[in-house]
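So the chains spell out like this:
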Amino acid sequence: MLSSLKQTIKDELSRHLVLYLLIFFVFIAGIIAGMYSLNSITSIQKQNALSYVNGAFGAIKQTSPKWSDVYISSLYNNAIIFLPLAIMGLFSITIPIVFVIICIKGYLLGFSIAFVLSSYKFLGLFIILLCIILPAIITFPCYFLLAKKAVLNSLDKYKRRDIPQTNRDVMLSMGTYVSDVITLGILLGMGLLIESIITPIIITFLLRFY
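Given the structure is predicted, the values throughout are model-derived calculations rather than measurements.

### Description of the confidence of the model for the chain
If pLDDT is low for a region, its predicted coordinates should not be looked at in detail. On average, the chain scores 79 in pLDDT, and the residues at 70 or more come to 77%. Within the chain, helix α3 (residues 43-62) has the poorest average pLDDT of any element, 59, and helix α2 (residues 17-37) the best, 91.

As structure tokens, this is what we get:
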């Protein structure tokens, strides 16, 4: 089973290597922009953000948050990125917006990493590794796959723009893409569920040393 999965990943990368590289570099560009943008905010804004995070950490110290509350919040935060990304794949002229959304996702990650590192130093390193990067191993492949499928589906619609199609033809052509989006949404939800159960435990443990 593991060898089959490895071969599937290898075949997928070989077929769409250029597209994956483009998505990856746009994502990395977003991370870099997010990390550098931390220097552009004022010290007052940075202090307000730090006070907010410290308040949240203090609440976690006193009462361990319910995983269900964390899960609902995580679902919402991901839905505002995942759903627009999926919708962009339904149109033929929205390919640039797909890359913009991926860049925004990278930007948010980069800003979070820079803020946590600058504010919590050594503790921040563990928070990043265990609470940001580790969960990202599960969730970010879903975004990369969705971005690829959105771009390919948009390109396919663009190529078919001059071909007369009935409403039934349009619905059938959308079927595979919508099915893939649902599958990726389910996988993302499962990844977020695991993240929501594990992350509060990790943060509670780390805060003992803070």
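### Digging into the environment of T199
Note on placement: T199 falls in helix α6 (residues 167-206). Once the C-alpha coordinates of T199 and W67 are considered, the two residues, 132 residues apart in sequence, prove to be 8.8 Å apart.

### A look at the side chain of S154
For S154, the location among the structural elements is in helix α5 (residues 95-159). Side-chain polar atoms of S154 contact the backbone oxygen of F91, separated by 2.7 Å. Polar side-chain contacts of S154 include one of 2.9 Å to the backbone oxygen of A150. Setting aside residues no more than four positions away along its own chain, S154 makes contact with M88, G89, F91, S92, T94 and I95.

### Structural notes on the nonpolar core
In this structure, L85 and L146 are the most contacted members of the largest nonpolar core, which totals 41 residues. Counting residues per element, this core draws most heavily on α5, which supplies 23 residues. If we ignore the near neighbours within four places in the chain, the residues touching L85 are V98, I101, I102, Y143, L146, A147, A150 and Y177.

Basis of the calculations
- Each residue is numbered by its place in its chain's sequence as written, counting from 1.
- With the structure being a predicted model, the display of local features is reserved for residues of pLDDT at least 70 and the display and counting of side-chain atom pairs for 80 or more, all residues being used for whole-chain, interface and lining totals.
- As a rule here, side-chain values cover all heavy atoms of the structure and leave hydrogens and water aside.
- The pLDDT value expresses, per residue, how confident the predictor is, ranging between 0 and 100.
- We count a stretch as a helix when DSSP gives it H or I for four or more residues in a row; a strand needs E for two or more, and each element gets its number in order from the N terminus.
- Whenever two N or O atoms come within 3.5 Å, that pair is a polar contact, provided that in protein one can donate a hydrogen and the other can accept it, and provided that, for residues adjacent in sequence, both atoms are side-chain atoms.
- In this analysis, two residues are considered to be in contact whenever any of their non-hydrogen atoms come within 4.5 Å of each other.
- Among the buried residues, those of types Ala, Val, Leu, Ile, Met, Phe, Trp, Tyr and Cys that are joined through side-chain atoms within 4.5 Å form a nonpolar core.
- Burial status follows relative accessibility: with a 1.4 Å probe on protein chains alone, a residue under 20% of its type maximum counts as buried, one over 50% as exposed, and anything between as partly exposed.

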